[in-house]
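Residue-level listing of the chains:
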Amino acid sequence: MRLTLRFLALFILLVIATVPKSTSITTFAEEGGNPCLEGCINEEISCTGGCGYNMSCVQNCKKQYDKCAAGCKPLND
C-alpha cells in the first residue's frame, strides 16, 4: 500500500513538473495586445502538447518559441 501511494505521489509530481507553464506569458501577451507573441505562444503550446514525455522534443519546441518570440517586437502605444 505504501509503495502504491509513493508511486502515485511521484507520478503526480512528475506531471506537475512537465506541464508547460505558459499562463503568465499568455496573460502578458493578451494584456500587451501583441498578436505576433500570441501566435508564438499558441504554436509553442501545441508543439509541446504533442511531445508527451519526450523532453528533447519539449526543449526543441521551447527553442523554436524563443526564436519566434525574439522576432516579435512589442507594439508601441
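Here's a quick rundown of the structure. Going along each chain's sequence as written, the residues are numbered from 1 onward. Owing to the predicted nature of the model, reporting of local features is limited to residues with pLDDT of at least 70; listing and counting of side-chain atom pairs is limited to 80 or more, with chain, interface and lining totals taken over all residues. The basis for every side-chain value is the complete set of non-hydrogen atoms in the structure, without hydrogens or water.

**Here's the deal with the overall build of the protein chain**
Point 1. Only DSSP runs of H or I with at least four residues qualify as helices, and only runs of E with at least two residues qualify as strands; both kinds are numbered from the N terminus onward. Scanning the protein chain from N- to C-terminus turns up four helices and zero strands.
Point 2. Scanning the protein chain from its N terminus toward the C terminus, one meets helices and strands in the order α-α-α-α.
Point 3. Type-normalised accessible area, obtained with a 1.4 Å probe on protein chains alone, sets the label of each residue: buried when under 20%, exposed when over 50%, and partly exposed for intermediate values. Looking at the protein chain residue by residue over its 77 residues, the buried ones come to 18%.
Point 4. Any pair of residues with heavy atoms lying within 4.5 Å of one another is described as a contacting pair. Of the contacts made within the protein chain by residues no fewer than 6 positions apart, 50% connect residues no fewer than 24 positions apart.
Point 5. The Shrake-Rupley method, run with a 1.4 Å probe sphere, supplies the accessible areas, and residue values consider only the shown protein chains as cover. Accessible surface, the protein chain: about 6,100 Å² in total, of which carbon and sulfur atoms supply 63%.

**Let's talk about the packing of helix 3 (residues 35–49) against helix 4 (residues 55–71)**
Point 1. Inter-axis angles, ranging from 0 to 180 degrees, are taken between N-to-C directions of lines fitted to C-alpha atoms, where helices are fitted over the stretch in contact. Taken N-terminus to C-terminus, the directions of helix 3 and helix 4 make an angle of 175°; their axes are 9 Å apart at the nearest point. In terms of axis orientation, helix 3 runs roughly antiparallel to helix 4. Residues Leu-37, Cys-40, Ile-41, Glu-44, Cys-47 and Thr-48 of helix 3 lie in contact with helix 4, whose contacting residues are Val-58, Cys-61, Lys-62, Gln-64, Tyr-65, Cys-68 and Ala-69.
Point 2. Residues that form the contact of helix 3 with helix 4 fall into these classes: nine nonpolar, two polar and two charged. Relative orientations are named as follows: roughly parallel for angles under 35 degrees, roughly antiparallel for angles over 145 degrees, roughly perpendicular for angles from 65 to 115 degrees, and oblique for any other angle. Under the convention adopted here, Pro, Cys and the residues Ala, Val, Leu, Ile, Met, Phe, Trp and Tyr are nonpolar, Asp, Glu, Lys and Arg are charged, and Gly plus all remaining residues are polar.

**Describing the pattern of salt bridges**
Point 1. Whenever Lys or Arg places a side-chain nitrogen within 4 Å of a carboxyl oxygen from Asp or Glu, that contact is recorded as a salt bridge. Enumeration according to the criterion identifies one salt bridge in this entry.
Point 2. Note that Lys-62 is salt-bridged to Glu-44, the shortest N-O span being 3.2 Å. Of this pair, Lys-62 sits in helix 4 while Glu-44 sits in helix 3, placing them 18 residues apart in sequence.
Point 3. For Lys-62, a relative accessible area of 36% translates into the label partly exposed.
Point 4. Residue class for Glu-44 comes out buried when judged on its relative accessible area of 5%.

**Structural notes on the side chain of Asn-34**
Point 1. Considering the arrangement of structural elements, one finds Asn-34 in the loop between helix 2 (23–32) and helix 3.
Point 2. Among the residues examined, Asn-34 registers a relative accessible area of 8% and is labelled buried.
Point 3. Any pair of N or O atoms that falls within 3.5 Å is considered a polar contact. Within protein, one atom must be able to donate a hydrogen and the other to accept it, and sequence-neighbouring residues count only if both atoms are side-chain atoms. Side-chain polar atoms of Asn-34 contact the backbone nitrogen of Cys-36, separated by 3.1 Å.

**Structural notes on helix 3**
Point 1. One less than the number of residues in a helix, times 1.5 Å, gives the span that helix is expected to have. For helix 3, spanning 15 residues, the distance from its first C-alpha to its last is 21 Å, which sits close to the expected 21 Å at 1.5 Å a residue.
Point 2. Taken residue by residue, helix 3 has Leu-37, Cys-40, Ile-41, Glu-44 and Thr-48 as its buried positions. Looking straight down helix 3, one finds that the buried residues subtend no more than 100° of arc, so they occupy a single side. Seen from the buried face of helix 3, the exposed residues on the opposite side, beyond 90 degrees, are Pro-35, Asn-42, Glu-43, Ser-46 and Gly-49. Of all possible arcs, the one meant is that of the directions from the helix axis to the C-beta atoms.

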